[in-house]
Amino acid sequence: MSILETSDEVPTLAWRVKAKAFAANNKLFVVGATGFLFILLCAIFAPLIAPYAPDKIDFSARLQGPSWAHWMGTEKFGRDILSRVIYGAQTSLIIGTAVTFIAILIGAPIGIIAGYFGGRLDTLLMRVSDVFLAFPPLLLPIAITAALGSGLGNAMFAIAVSWFPWYARITRAAVLRIRTEPYINAARAMGVSHTRIMWRHVLPNSLTPIIVQGSMDFGFTILAAASLSFIGLGATPPMIEWGLMAATSRSMFLDAWWTVLFPGMAIFFTVLCVNLVGDGVRDVLDPKHGIKE
Amino acid sequence: MKFKKILMAGAVAITAAGALSTSVLAASNTLTVADRSSYKDWNPAVAFSEEVRVLGNIYETLLVLNPAGSAEQFAPGLATSWSASADGKTWTFNLRKGVTFHDGSAFNAAAAKKSLDYVKKLGKGAAFIWGALTSVEAKDEHTLVMNFKSATAADLIASAQYAAYIIAPAAIDKGHDWMSAPNAIGTGPYKLASVEAGQQIVMEKHDAYWGGWKDGQFDRVIVKVVSEAATRVQMLKSGAVDYATVGTDQLAGLKAASNVDVFTADSWKNSMFLMNASKYPTDNVKFRKAMQLIWDYENVVTSIYGGYAKLPVGPLPASMWGAAKFDMPKQDLAAAKQLLADSGVPQKDWKVSMQYIGDFKPYADSAELFQATASQLGVTVDLMPGKWGVIWGKAKKLETSPNLQSMSWWPSYATPNDWLVSLFKTEKKALFNLSHYSNPAYDKLVEEGMAVEGSDRPMAIAKFGAAQKIIMDDALAIFYGDISTYRVSAKNVAGMSKNLNPAYEAVMYYSLTRK
Amino acid sequence: MARYAAQRLLLMIGILLGVLTITFILSRVLPGSPVELMLGHRPTPELIEATKKELGLDQPLIIQYFTYIGEVVQGEFGKSLRTGRPVLEEVGKRIGATLELTTLAIFFVVLIGVPLGVISAVRQNSILDNGLRATTIAGMAFPAFMLAMMLQMLFYGELGWLPLQGRLDSEVLLDSTFPRHTGFFLLDTLMTGDWRAFGSAAQHIVLPALTLVIITLATVTRITRNMMVEVLSEEFIRTASAYGLPSRRIHYGYALKATLIPLLTVVGLTYGYLLGGAVVVEFVFDWPGLGGFMVFSISQNDFPAVMGTTLFLATAYLMINLVVDLLYFVVDPRLRAQ
């Protein structure tokens, strides 16, 4: 009994010490993570926190500035901006997660196959990916959403499609590093199938750079979605999205600044926190690889 | 730190240079305008959009249509007097003498004939308004005769803001590409001086303009291209521009500004959401009537249009002749719910698509409000904003058409039949009948009205009135507003109130002076 | 070197063909017909058919595709559906504005970003380091349109120091006839000594360039810092330190030199971000470049213009990265030896 207790105690202590040391060396990460946690809680508990229903229309309270009743004021239909900003956290987190996930889902298999098999297939896959990278970022999503029509789904798909090559490149590089390792050769010699090798050995080993890249791109995708909303190619009502809120109110920036500023600041705060976290994650998991290669 | 100092020094130097250039600007009598960048066709024979805001100052028409309520329906333009034959098929125009084009050549009957023939032959843009024209004759130096195949209101057509401008022979000889470059030769008070793509359009006064020049009028007009509405307002408020095109949601703020005047008047434009009579579930009359009762008429007009629209009286703007008056639907959610239940459409199908021009804010806001209200009754509204070219393409084909389609209509010239024919008369292949509506009884009434429009106006009004009743009974659209014309200009500019004529999109810069 | 350059060039042409294919597919997928848009609000059905025929839009897609590729190879980019002018002419009028803006921005991004990155690395994990990192990352977190509008409100609305939009004052644009050799107004005016126009051009470029600098600065500082951190821990630097060389010389002389190659890559990439970011920034500031033009053309369904612009921006981006690749040779003796 006592042995179990002590063996339980020691790692906990070590964990605490490590965490403290980490926090001391990565203050920005801690700040970012705290902020991100706050946003996450807002998103999860939005119905409990929001002072009003986000879609409650009240023309008598139209375009009111910040007050005790409405901390962030009200917008064109008299809806409470604070409540909408809180609910908007859900949308933004979904955008960031979904886009990054789709991009990984397209890019990682391509990178693994290219790196694992090499040769012509490798050249072909990577050249096709290069074509997508030849577009300056944001231009391809704009063109794709313009073609498919506006809407958050299309926007997320468009950003993911123009972003996947990064994941293809990163996974390929990781695969190349481990492809010649003895244990892979051994597995191959034992007659283990390609799919199984890739699934069981190659994929787990390329996860670290993917996570690093993903955490860095999370913020970019939220910003890209907001930019698309600005151009009129992003989310559509009744979706509550910060970029859409700011973009559709911007003609009134001079007369009702709060309708633009608060949703805009919500984007700013979220992306800032996410980027600080991403920076920290990279420092910890992959201190040597600062750039996309 | 040193770096910061250098930066500051740079900023100061730059600011000083700026002060220099503003003083130069104030020296000449220049009118500065901010407009968004949507000028497209510089050939007046083709122009059928917002470019007439500039072209209207460079080119002129034979006649000018006065605003409703004026003593005379028309004012002389390039023609000083005109008359029609008894059968309404032959029109004679006596042209103004002593008019010169910007290139110094004389304006005469031959020039006018050449221009009209060119527009008709090219057949683009709004050339269809000359559809009944069979020939133009230059009878003598200053007499122009037009022959039509049927009785035609040629005075209305000759005063239109599209396809009726008189273009100089030299410009026509140089052709479409030359005019699109852009270049322009007209008779108007201003000539086109320079165009910097995406930046500005400059017009200089035409010294030999027949109307003459007085002190205070502007020698030069600079139209700056400003895409963002908020930027245009900021420039207007700061005095950087004298006149700007703005949205209805900005008018309240501008009214409060001390250095800006806001002017308003009725127009012939009305706005509606057409309801698709051939598409489930809006093919059900009760369902369509329910949609009408969900619309928040009061708040759309007062809040979204900022009071710059009026509640409609029927399918036509109240200020148009022949507009019949009806007891219009009002928001009534309980009644709407009842109608939905009575319609026989099962609740799971209470789902409509709504298409509109996405970057036109009043549409977007109205649609969003409608969506939010409808959701209270369990009706799902899919919003489909888009660009006109895209959504119109979809709306014309029944398979891709929405249940509700945004539409603002104004006549090519002053006639009620423009709405009744274009929007609701049976079309084999839909062009603007985006309700996809077909009713022989209705078609007959409209045709009969059109036949007597030139000869027996009371009869025409009766026929058109009966047709409008059918539109109302069949609930083919949510008619929600007669749109007001409005203009905003700097307080130190006089004459903007003369530019509220609904027949013309352009502000006539000739009518403005510096106070 | 020549062989390497030729290889890279060949690869670039292949990629450009891919770019063309993507833009072609996208613009022909666009619902609704550009022809109807081109003809204005109320064309007759006959006119629509005739125009489609005239533009070759009635042909099968595959024919249209090869026609287009063939034309592009001959330098024929088609005509803008909106204005009826050759696309190349429209692009040519605007490319200078975009390149001037992005080049100026990249210049300042490097000028400010690299020293900040070095400082951060040398003072790793200090308050200064954290402060600098937080600030630059914060800059990157702004939605570009909001930052642009806030700068407009501050520097025009409140302070009145800088102009709101455009590239030159209206009157300057009208009066100044400086020749446009480079398309970079700052250079063109400087070369002819047209100081009034230079002042106006300088004033107008500050806000759009500042917006771009703020949103991209973090990329460069972050990478400089990380690479410096790595290099500073390496043997030769520690040796130099041990020999008592002045730290400034070590940091900027030896260490920074070692990070030059990866930094070049970053500059190439950042240029891409700037070209992309320029889309929104140009729109807000009415900067008459390709970004704003592209947004406008997409909204007008003007697919030849969209294709031309995209092709041009992609080419510019690829060229910049080609130059970066070739610079490796100049900078890195090891590569030259290969």
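Notes on the structure in this doc start here. Note that the structure is a prediction, hence the values are computed from the model and not measured.

### Observations concerning the overall build of chain B
Right, on to step 1. The number of helices and strands found in chain B is 16 helices and 19 strands.
Right, on to step 2. Computed over the C-alpha atoms, the radius of gyration of chain B is 25 Å, within 12% of the 24 Å expected from 2.2 N^0.38 for a compact globule of 515 residues.
Right, on to step 3. Each principal axis of the C-alpha distribution contributes one length, and for chain B these read about 80 × 70 × 40 Å.
Right, on to step 4. When each of the 515 residues of chain B is scored for burial, the buried share is 59%.

### Points about the interface of chain C and chain A
Interface extent is often summarised as the accessible area lost during association of the parts.
Right, on to step 1. With 49 residues of chain C in contact, the opposing surface of chain A contributes 53 residues.
Right, on to step 2. Interface of chain C and chain A: buried area, both sides summed, is about 4400 Å²; carbon and sulfur atoms make up 78% of it.
Right, on to step 3. Along the contact surface separating chain C from chain A lie two salt bridges.
Right, on to step 4. Scanning the region where chain C abuts chain A turns up two residue pairs in polar contact (both at pLDDT 80 or more).
Right, on to step 5. Where the side of chain C that touches chain A is concerned, the elements lending two or more residues are helix H1 (2–29), helix H6 (127–140), helix H7 (144–158), helix H10 (195–232), helix H13 (260–285), helix H14 (290–299) and helix H15 (303–331) of chain C.
Right, on to step 6. Grouping the amino acids of the side of chain C that touches chain A by side-chain chemistry returns 37 nonpolar, eight polar and four charged.

### Points about empty space enclosed by the protein
Residue and element names in this part refer to chain A.
Right, on to step 1. Under the criterion given, the structure shown has eight cavities of 30 Å³ or more.
Right, on to step 2. Here the largest cavity defines a volume of roughly 150 Å³.
Right, on to step 3. Forming the boundary of the largest cavity are 16 residues, of which Glu-75, Lys-76, Arg-84, Met-245 and Thr-248 lie nearest the centre.
Right, on to step 4. For the lining of the largest cavity, the elements supplying multiple residues, two or more each, are helix H4 (81–117) and helix H11 (242–249).
Right, on to step 5. Split into classes, the residues belonging to the lining of the largest cavity amount to seven nonpolar, three polar and six charged.

### Brief notes about the nonpolar core
Right, on to step 1. Counting 167 residues, the largest nonpolar core has Phe-230 and Ile-231 of chain A together with Val-19 of chain C as its most contacted members.
Right, on to step 2. With 16 residues, the single largest contributor to this core is H10 of chain C.
Right, on to step 3. Apart from the residues within four sequence positions on either side, Phe-230 of chain A is in contact with Ala-247 and Arg-250 of chain A, Glu-228 of chain B together with Phe-145, Val-280, Phe-283 and Val-284 of chain C.

### Quick look at helix H7 (residues 229–238) of chain B
Right, on to step 1. The buried fraction of H7 of chain B amounts to eight of the ten residues, a majority that puts the element mostly inside the structure.
Right, on to step 2. The positive-phi residue at the C-terminal boundary of H7 of chain B is Gly-239 of chain B, with phi of around 85°.

### Remarks on the state of the cysteines
Right, on to step 1. Using the criterion set out here, one finds zero disulfides over all chains in the structure.
Right, on to step 2. We note that Cys-42 of chain A lacks a disulfide partner, and the nearest cysteine sulfur, in Cys-273 of chain A, lies 11 Å from it.

### Describing the packing of helix H10 (residues 207–231) of chain A against helix H12 (residues 258–285) of chain A
Residues and elements named next belong to chain A.
Right, on to step 1. Running from amino to carboxyl end, H10 crosses H12 at an angle of 165°, the nearest separation of the two axes being 9 Å. Judged by the angle between their axes, H10 and H12 are roughly antiparallel. The handedness of the crossing between H10 and H12 comes out as left-handed. From H10, Thr-208, Ile-211, Val-212, Ser-215, Met-216, Phe-218, Gly-219, Ile-222, Leu-223 and Ala-226 reach across to H12, where they touch Ile-267, Thr-270, Val-271, Val-274, Asn-275, Gly-278, Asp-279, Val-281, Arg-282 and Leu-285.
Right, on to step 2. For the contact of H10 with H12, a count of residues per class yields twelve nonpolar, six polar and two charged.

Cut-offs used in this document
Residues numbered from 1 in each chain as written. Chains lettered and ligands numbered in written order. Predicted model: local features only at pLDDT ≥ 70, side-chain atom pairs only at ≥ 80, totals over all residues. Heavy atoms only, no water. Helix = DSSP H or I, 4+ residues; strand = E, 2+ residues; numbered from the N terminus. Rg over C-alpha atoms; globule rule 2.2 N^0.38 Å. Buried < 20%, exposed > 50% of the residue type's maximum accessible area, 1.4 Å probe, protein only. Contact = heavy atoms within 4.5 Å. Buried area = accessible area lost by both parts, 1.4 Å probe. Salt bridge = Lys/Arg side-chain N within 4 Å of Asp/Glu carboxyl O. Polar contact = N/O pair within 3.5 Å; in protein donor to acceptor, adjacent residues only side chain to side chain. Nonpolar A, V, L, I, M, F, W, Y, C, P; charged D, E, K, R; others polar. 1 Å grid on protein atoms, 1.4 Å probe; cavity = no way out; pocket = protein on both sides within 12 Å on 5 of 7 lines; lining within 4 Å. Points joined across faces, edges and corners; volume = space filled by probe spheres on them. Core = buried A, V, L, I, M, F, W, Y, C linked by side-chain atoms within 4.5 Å. Disulfide = S-S within 2.5 Å. Axes fitted to C-alpha atoms, helices over the stretch in contact; angles between N-to-C directions. Parallel < 35°, antiparallel > 145°, perpendicular 65-115°, else oblique. Left-handed = near helix turned anticlockwise from the far one by under 90°.

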